[in-house]
Amino acid sequence: MRTKDFQGVKIYRIPPEAKRTRKDGTPRDPKRLGKVHFPVFTADGRSVVGFMVSPPDVAGMIKQPDRFVARDAVRVYEGVIAVDDAKGSYDAAAAKRLGIDLDTCIIWTGMDVVTVQGTKLGYCSDAAFNPKTGAVTSFTLTGGAAAAALLGTVEMPVRYLKGYRDGAMIVDDEAATLELSGGAAAKAGEASAKIGVKVKQGAKVLDEKGSVAVEKGSRALGKQLGKTRGMFLAFKDEFKKASGSASSSSAKGKRSS
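Residues numbered from 1 in each chain as written. Predicted model: local features only at pLDDT ≥ 70, side-chain atom pairs only at ≥ 80, totals over all residues. Heavy atoms only, no water.

(A) Quick look at the sheet that holds strand S6 (residues 80-84). The six strands are arranged S4-S3-S2-S1-S6-S5 in an open sheet whose pairing can be described as mixed. Each edge of the open sheet is held by one strand with a lone partner, namely strand S4 (67-70) and strand S5 (74-77). Between one strand axis and the next, the sheet turns through 50° on average, direction left out of account. Alignment of strand S1 (residues 10-14) against strand S2 (residues 31-41), held across four bridges, turns out to be antiparallel. If you follow Arg13 over to S2, its bridge partner there is Lys31. Docked against the sheet, helix H1 (residues 91-98) engages strand S3 (48-54) and S4, running at close to 35° with respect to S4. (Pairing = 2+ DSSP bridges. Helix = DSSP H or I, 4+ residues; strand = E, 2+ residues; numbered from the N terminus. Axes fitted to C-alpha atoms, helices over the stretch in contact; angles between N-to-C directions. Contact = heavy atoms within 4.5 Å.)

(B) The arrangement of unusual backbone geometry in detail. A positive phi angle is found at Glu78, which is not glycine, with a value near 50°. Summarising the element assignment, Glu78 is placed in the loop between S5 and S6. On the basis of relative accessible area, Glu78 is assigned to the exposed category, the value being 51%. (Buried < 20%, exposed > 50% of the residue type's maximum accessible area, 1.4 Å probe, protein only.)

(C) Here's a closer look at the pairing of strand S7 (residues 112-115). Covered by surrounding structure in S7 are Asp112 and Val114 together with Val113 and Thr115, the residues of both alternating faces. The pairing of S7 with strand S8 (residues 120-129) spans two bridges and is antiparallel. Note that in S8 the partner of Asp112 across the bridge is Tyr123. Hairpin connection between S7 and S8: a loop of four residues separates the two successive antiparallel strands, and Gly118 in this loop has a positive phi of roughly 100°. Here four bridges tie S7 to strand S12 (residues 168-171), and the two strands are oriented parallel to one another.

(D) Fine view of the nonpolar core. Core analysis: the biggest nonpolar cluster contains 46 residues, and Phe68, Trp108, Phe139, Leu141, Met156 and Met169 have the highest contact counts within it. Listing elements by their share of this core, those giving two or more residues are S2, S3, S4, H1, S8, strand S9 (136-142), strand S10 (152-157) and S12. (Core = buried A, V, L, I, M, F, W, Y, C linked by side-chain atoms within 4.5 Å.)

The structure is reproduced here in structure tokens:
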């Protein structure tokens, strides 16, 4: 399974067992929790431990902070992706149950990728993992949406991941020799070139206007959340900024009315 299979998907709360059936015997509908925002990895990148979920805005206006949902609490219920609505499924309680420190966890997807020697390989756009164990098998590297469509992407085995440094995923130098696959050029038999050169060319031709703007937000957030100062602190700061902006706008509206 891939982390992109979850991103943007609506997720619901499973009702307590005693309340899952109505008086007429029909199943009770689960309540919406929000949308999956980003996958959360252990600091070493070897495991997906859960997801950040964005709750709906209150009254359609007030933004709520993302919540951490443990991977092992997520399952299919009544045809939708849902989570057991229990304390151990969320946030600090979930982390304690899983034996992890959330402030050392990292959101690798969206982060720039650089080799140990400093060669830039684009950024991490996806990861493949075992949905039962959370074990990561590989990361997908790309130079952008347009470059991926033209030239394909690189599937980098997890063993190439070395760590984090200065806002980037640091990988083994050999990752620069991995071949691209899946793009239009590859299908035409033109994808024998390596990621370091061809992704740059594809990005320059097609990414200058369109895809860079589309991906800018998610990449910036992915990089920010990968900082060693802590994933949740980053979310807290962003939420305060959003709340402050909302409050200022509201205050201005009241003064003008």
